[in-house]
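Residues per chain, in single letters:
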Amino acid sequence: MGLETAMGLAASGHAVTVVGRNAERGARAVERIDAVATGPKARFVAADLASLDAVRALAAHLAEEGPLNVLVNNVGAMFADRQQTVDGIEASFAVNHLSPYLLTESLLETLRAGGPSRIVNVTSGSIRGAKRSFDAVEPPGGYYGFHWYGRAKLANLAYTLDLAERLRGTGISVFAADPGGAATDMTDGTMRSSRIVSPGLRPLWPLLRRVFEHATSGSAAVAARPSILAASDASLDGRTGLVIGPRARPVTPFAPAADPRTAQAVLGLSKRLAPLTPSADVIA
């Protein structure tokens, strides 16, 4: 879906930079993007978004290159088993929320310089099955990948809506994009295991998974439309704080994500876990 988003933006004339861990896959992505580009050639920058220091280095690299008009945070990863990043943080929360949070906060001045500019954070329908406690990076109870993925995406949506209000009037618009369903490596792989949901749901998971697979049978190109619209459509000029739904039009935000108490808890936890400058303290 990220590739389709990049291709859509390149086709409309944007100079696109794509970020990922694998240089070979990055080179293939650039070839596909350049095949449809109507403006400058695309480029690839290698960065491991599971590492906060790598995110800081990426932000510094992009900032050095001058003003930025659009930032699309498309990262999404679900893990069947609990994993920990090099920073000692549970991986689902680190990758799906802390990395886009830290990259965005680190690039705000660069986005101001490129204004009017836009930030687009990709959300997920999984937020509806998430625990809504953000007192700590890990909620109480066992690890269930689907619910923890949803919790990280809920944190990021709450942050996105709060950021939109914080930046209102600055020339930076902030949107969330809900892609709806699309067949991806995550839906074809991780989501096939019933271990990713709580024990009470496991007997029903084969049925629920089939329902989900039917809902996610659309193409990645269709799923990318909300992100492309949020990032580039002139109809959104001067607007901010919107969630662009699967049909590529604004939808009502999930109520818990719009609760100021949720945003306050998420921001407090995010600032502690992912400061803009690295801390000497090890966060467990």
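For the structure, see preceding data.
Residues numbered from 1 in each chain as written. Predicted model: local features only at pLDDT ≥ 70, side-chain atom pairs only at ≥ 80, totals over all residues. Heavy atoms only, no water.

### Quick look at the packing of aromatic side chains
Applicable threshold: Each Phe, Tyr or Trp ring, with Trp reduced to its six-membered ring, pairs with another whose centre is within 6.5 Å; inter-plane angles below 30 degrees give stacked pairs, above 60 give edge-to-face pairs, and intermediate values give tilted ones. Under the scheme used here, helices are H or I runs from DSSP no shorter than 4 residues and strands are E runs no shorter than 2 residues, and both carry numbers assigned from the N terminus. Buried residues are those whose accessible area, probed at 1.4 Å on protein chains only, stays under 20% of the maximum for their type, while exposed residues exceed 50% and partly exposed ones sit between those limits.
All told, the structure shown has 2 aromatic pairs when counted by the stated rule. Aromatic pair Y101 and Y159: ring centres 5.1 Å apart, planes at 75°, arrangement edge-to-face. Pair noted here: Y101 is in helix α4 (residues 91–106) and Y159 is in helix α6 (residues 145–166), with a separation of 58 residues, a long-range link. In this structure Y101 comes out as buried when scored by relative accessible area, which is 4%. Residue class for Y159 comes out buried when judged on its relative accessible area of 1%. Residues Y143 and W148 carry aromatic rings whose centres are separated by 4.7 Å and whose planes lie at 65° to one another, so their mutual orientation is edge-to-face.

### Section: the environment of M78
Counting through the fold element by element, M78 comes out in the loop between β3 (70–73) and α4. Assessed through its relative accessible area of 7%, M78 is described here as buried. M78 sits 71 residues away from Y149 along the chain, and the two C-alpha atoms are 5.8 Å apart.

### A look at the environment of S270
Operational definition: Contacts are assigned to residue pairs with any non-hydrogen atoms lying within 4.5 Å of each other. Between N or O atoms, a polar contact is any pair within 3.5 Å; within protein, one atom must be a potential hydrogen donor and the other a potential acceptor, and residues adjacent in sequence are included only when both atoms are from side chains.
Here S270 is to be found in helix α11 (residues 260–273). Separated by 168 residues in sequence, S270 and L102 have C-alpha atoms that sit 8.4 Å apart. What S270 contacts, discounting residues up to four positions off in sequence, is H97, L98, Y101 and P275. Within polar-contact distance, the side chain of S270 engages the backbone oxygen of V266 at 2.7 Å.

### Quick word on the sheet that holds strand β7 (residues 250–251)
Note the threshold: At least two bridges found by DSSP between two strands is the condition for calling them paired. Here an angle of 0 to 180 degrees is reported between the N-to-C directions of two axes, which are lines fitted to C-alpha atoms, with helices fitted over the stretch in contact.
Strand order in the open sheet formed by 5 strands is β3-β4-β5-β6-β7, and the pairing between neighbours is mixed. Both outer strands of the open sheet, β3 and β7, are each paired with one neighbouring strand and no more. As judged from the 2 bridges shared by strand β6 (residues 242–244) and β7, these two strands associate in the antiparallel manner. Along β7, the bridge assignment pairs I244 with P250. Lying on the sheet, α6 is in contact with β4 (117–122), β5 (172–177) and β6; it crosses β5 at an angle near 155°. Each of β3, β4, β5 and β6 touches helix α10 (residues 225–232); the most contacted strand, β4, lies at about 160° to it.

### Notes on the side chain of E105
One can find E105 in helix α4. A distance of 2.7 Å separates the side chain of E105 from the side chain of Y159, its partner in a polar contact. Discounting chain neighbours no more than four positions away, the residues touching E105 are Y159, L163, R166 and L276.

### Side note on the pairing of strand β2 (residues 43–46)
On any regular strand, side chains alternate: one points to one face of the sheet, the next to the other face. The condition is simple: With the strands aimed away from the viewer, a crossover counts as right-handed if its path from the first strand over the helix to the second runs clockwise.
As paired strands, strand β1 (residues 17–20) and β2 are joined by 4 bridges and run parallel to one another. What sits directly across from V19, in β2, is V45. In the classification by handedness, the crossover that spans β1, the intervening helix α2 (residues 23–36) and the parallel β2 is right-handed.

### A look at unusual backbone geometry
G115 connects to P116 through a cis peptide bond whose omega is 0°. With respect to the helices and strands, P116 occurs in the loop between α5 (108–113) and β4.

### Brief notes about the pattern of salt bridges
Selection criterion: The term salt bridge refers to a side-chain nitrogen of Lys or Arg lying within 4 Å of a carboxyl oxygen of Asp or Glu.
For the structure on display, the rule yields 9 salt bridges. The salt bridge partner of R43 is E65, with a shortest N-O separation of 2.2 Å. One end of the pair, R43, is in strand β2; the other, E65, is in the loop between α3 (52–64) and β3, with 22 residues separating them in the sequence. Judged by its relative accessible area of 29%, R43 is partly exposed. Exposure remark for E65: the relative accessible area of 45% places this residue in the partly exposed category.

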